[in-house]
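Residue-level listing of the chains:
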Amino acid sequence: MREFLGLSNISPQICRLLQEIGKLGEGASRSVYVVGGFVRDLLIGRENLDIDIVVEGDAVEFAYQLAKVWGGKAQAHHQFKTATVTRPDMLKLDFVSARNETYPSPGALPSVEYGTVAADLCRRDFSINALAMRLQPNAFGELVDCTDGLRDLRAGRIRTLHERSFIDDPTRIFRAIRYEGRYSFQIVEADQQRILDAINQGVLNLISAQRIRNEIDHILSEAAAPQMVNRMCEFDLFGAVDPTWKIAPNFDALWAAAGQAIEWASISLTNAPINTRVILWMTLLTSPMAIEVVGSRLALENQLCTKLSVQTHMEHALNALSVSSKPSEVYQLLNPYPLEALVFALMQPHQPDWRAGKIGNYLTHLRDVQPLVNGDDLIQRGLKPSRAFADWLWKAFAAQLDGKVSTTQEAYQFLDIKK
Ligand code: CTP
């Protein structure tokens, strides 16, 4: 029986674009479909602006034609027979040629040849992602479902399409967990076993650090990341990436603190944007050894690793704070640390209120204080640059932070420098 998708959830603009693509396809005697996540999320009722179009035939040539009609730009990736069209309104759409894929070896990138949409759907990761919608004018909105994806979607099942799926492409292990957590679906039992088997066979050693890192980044960007991390622990996926990688038993609390830290920073630190990704990774890598070993295994960027490891040493500085620490002492102790580490520390559940108050005051106030006197000022006043400069300047600045001086003149008096 032919089944048509309800289109009321698609914005009129996107609907019009899809109709234009269908018309152009008809004119060029090409069958064209929107596929994958867009169709899945349309059926679930979740917005998805990632538009992937499958063309039976050459998608690159088709994308160039469409870019011309729209006055946009097409960029081709000839090796994969794909192209991206950027419209003048900056909306991007991806075009792929319907293809058969073969994996020359487990974990390797596939080799590609033209095929039908049905073949193209069957090469995909899960049945819920192997759904397509026809765009040709006389069948616009018709569902193409060769793998019982709709049935799985309705039953909340994540199911691969063939038994070697996780071996051919081990990133699908992370993807399965991501979809399961995001939609509160369930990976079917046979696939849970295949995930365990694939991990035991060592498939994660066959894919690049970058691909694993990307998958973990995707997971960290999801609202249901804690459920996904929990599931990854059940499959011992972190241990499979590196045997030394253990997730902290209080991960849920760390995750909550990370969320609060990111929200707090977006409201209170508008003049100093923080890198939210650093804070998210702080929940996964909590010991100096894990940062070093996993950081190198996943080729994490140096800047990220530095911020992560600095954070693990920060406890020491925080312990040196006391209720009576003066603002200048707070400044001196906290100044060496990256903002991300401080914002994260601020939100730790065990952080006493007085300490959180001092960290918060540093972040929102002390950090922005500009010294009343600098080295050039001293030179202008006839002093010869010397090693003592740094000392004097810090003394003046500390007095300023502690509220003992509030004008330039007072600062000079404090330093006993005549005008
Ligand atoms: N795909 C696949 N195997 C992969 C990655 C992707 O079969 N390892 C297919 C799936 O059909 C997927 C489509 O390519 O739907 C697009 O991939 P991607 O953009 O990563 O996923 P979406 O389905 O758009 O899902 P989301 O962005 O919501 O994660």
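Our structure's up above, just so we're on the same page.
Attention here is on the structure that accompanies the text. (Residues numbered from 1 in each chain as written. Predicted model: local features only at pLDDT ≥ 70, side-chain atom pairs only at ≥ 80, totals over all residues. Heavy atoms only, no water.)

Each helix and strand in the chain was counted, giving 21 helices and 11 strands. A compact globule built from 419 residues should have a C-alpha radius of gyration of about 22 Å, whereas the chain, at 28 Å, is more than 25% larger. Overall size of the chain, expressed as C-alpha extent along the three principal axes, is 90 × 50 × 40 Å. Among the 419 residues that make up the chain, the fraction classed as buried is 51%. Of the contacts made within the chain by residues no fewer than 6 positions apart, 65% connect residues no fewer than 24 positions apart. A total accessible area of about 20,100 Å² is found for the chain, and carbon and sulfur atoms account for 49% of it. Taking the average location of the 43 positive side-chain charges in the chain and that of its 48 negative ones, the two points are 4 Å from each other. (Helix = DSSP H or I, 4+ residues; strand = E, 2+ residues; numbered from the N terminus. Rg over C-alpha atoms; globule rule 2.2 N^0.38 Å. Buried < 20%, exposed > 50% of the residue type's maximum accessible area, 1.4 Å probe, protein only. Contact = heavy atoms within 4.5 Å. Areas by Shrake-Rupley, 256 points an atom, 1.4 Å probe, with all protein chains shown as cover. Lys, Arg positive; Asp, Glu negative; His and termini not counted. Charge placed at Lys NZ, Arg CZ, Asp CG, Glu CD.)

When you line up the elements, Gly 156 lands in the loop between helix 5 (149–155) and strand 10 (157–158). The exposure class assigned to Gly 156 is buried, which follows from its relative accessible area of 13%. With 122 residues separating them along the chain, Gly 156 and Val 34 place their C-alpha atoms 22 Å apart. Apart from the residues within four sequence positions on either side, Gly 156 is in contact with Phe 185 and Gln 186.

Attention shifts here to the site of the ligand. Within the structure, the ligand sits among 15 residues, and Arg 40, Asp 125, Asp 169, Arg 178 and Arg 182 are positioned closest to it. Within the backbone of Asp 125, an N or O atom sits 2.7 Å from an oxygen atom of the ligand. Within the side chain of Arg 175, an N or O atom sits 2.9 Å from an oxygen atom of the ligand. Bound to the protein, the ligand loses 76% of the 570 Å² it would expose on its own. Where the shell around the ligand is concerned, the elements lending two or more residues are helix 2 (37–44) and helix 7 (171–183). With 6 residues, helix 7 is the largest single contributor of residues to the shell around the ligand. Counted by class, the shell around the ligand contains 1 nonpolar, 4 polar and 10 charged residues. Each of two domains, domain 1 (12–155) and domain 2 (156–241), supplies a minimum of three residues to the shell around the ligand. (Near = heavy atom within 4 Å. Polar contact = N/O pair within 3.5 Å; in protein donor to acceptor, adjacent residues only side chain to side chain. Nonpolar A, V, L, I, M, F, W, Y, C, P; charged D, E, K, R; others polar. Domains from an automatic or database assignment.)

All right, on to unusual backbone geometry then. The phi torsion at Lys 81 lies on the positive side, around 55 degrees, for a residue other than glycine. With respect to the helices and strands, Lys 81 occurs in the loop between strand 3 (73–77) and strand 4 (82–86). Positive phi is not limited to glycine here, since Met 90 has a value of about 75 degrees. Residue position: Met 90 is located in the loop between strand 4 and strand 5 (92–97).

What follows concerns the environment of Ala 356. Within the secondary structure layout, Ala 356 lies in helix 18 (residues 353–364). Sequence separation of Ala 356 and Ala 345 is 11 residues, and the distance between their C-alpha atoms is 8.0 Å. Ala 356 has contacts with Leu 346 and Gln 351, leaving out every residue within four places of it along the chain.

Moving on, we get to the pattern of salt bridges. Side chains that differ in sign of charge can pair as their charged atoms come close. For the coordinates displayed, the defined rule picks out 25 salt bridges. The partner of Glu 340 in a salt bridge is Lys 307, with the nearest N and O atoms 3.2 Å apart. With Glu 340 in helix 17 (residues 339–346) and Lys 307 in helix 15 (residues 302–320), this pair connects stretches of sequence that are 33 residues apart. For the residue pair Glu 340 and Lys 307, the accessibility class agrees, reading buried in each case. When salt bridges that share partners are traced, they join Asp 148, Arg 151, Asp 152, Arg 157 and Arg 159 into one network. (Salt bridge = Lys/Arg side-chain N within 4 Å of Asp/Glu carboxyl O.)

Going through the model one piece at a time under the given rule, you end up with 13 aromatic pairs. Seen from their ring centres, Tyr 183 and Phe 185 are 5.5 Å apart, and the 40 degrees between their planes marks the pair as tilted. On the basis of relative accessible area, Tyr 183 is assigned to the buried category, the value being 11%. Its relative accessible area of 14% is what places Phe 185 among the buried residues. Summarising the aromatic geometry, the rings of Trp 245 and Trp 281 are spaced 6.5 Å apart at their centres and angled 15 degrees between planes, so their arrangement reads as stacked. With a gap of 36 residues between them, Trp 245 in the loop between helix 11 (237–241) and helix 12 (251–268) and Trp 281 in helix 13 (residues 276–282) connect regions that are remote in the sequence. Considered together, Trp 245 and Trp 281 belong to a single accessibility category, that of buried residues. One aromatic cluster in this structure is built from Phe 126, Phe 166, Tyr 179, Tyr 183 and Phe 185. If you follow Lys 81 out to its NZ or CZ, it ends over the ring of Tyr 114, 5.4 Å from the centre. (Phe/Tyr/Trp six-rings, centres within 6.5 Å; stacked < 30°, edge-to-face > 60°. Lys NZ or Arg CZ within 6 Å of the ring centre and 35° of its normal.)

Attention now goes to the pairing of strand 4. Burial of strand 4 is extensive: 5 of the 5 residues sit out of reach of the surface. Sheet topology places strand 3 next to strand 4; 5 bridges connect them, and they run antiparallel. Counterpart to Gln 75 in the pairing with strand 4 is Thr 84. Between strand 3 and strand 4, which follow one another and run antiparallel, lie 4 residues, and Lys 81 among them has a positive phi close to 55 degrees. Where strand 4 folds back on strand 5, the antiparallel hairpin that results is connected by 5 residues, among which Met 90 adopts a positive phi of roughly 75 degrees. (Pairing = 2+ DSSP bridges.)

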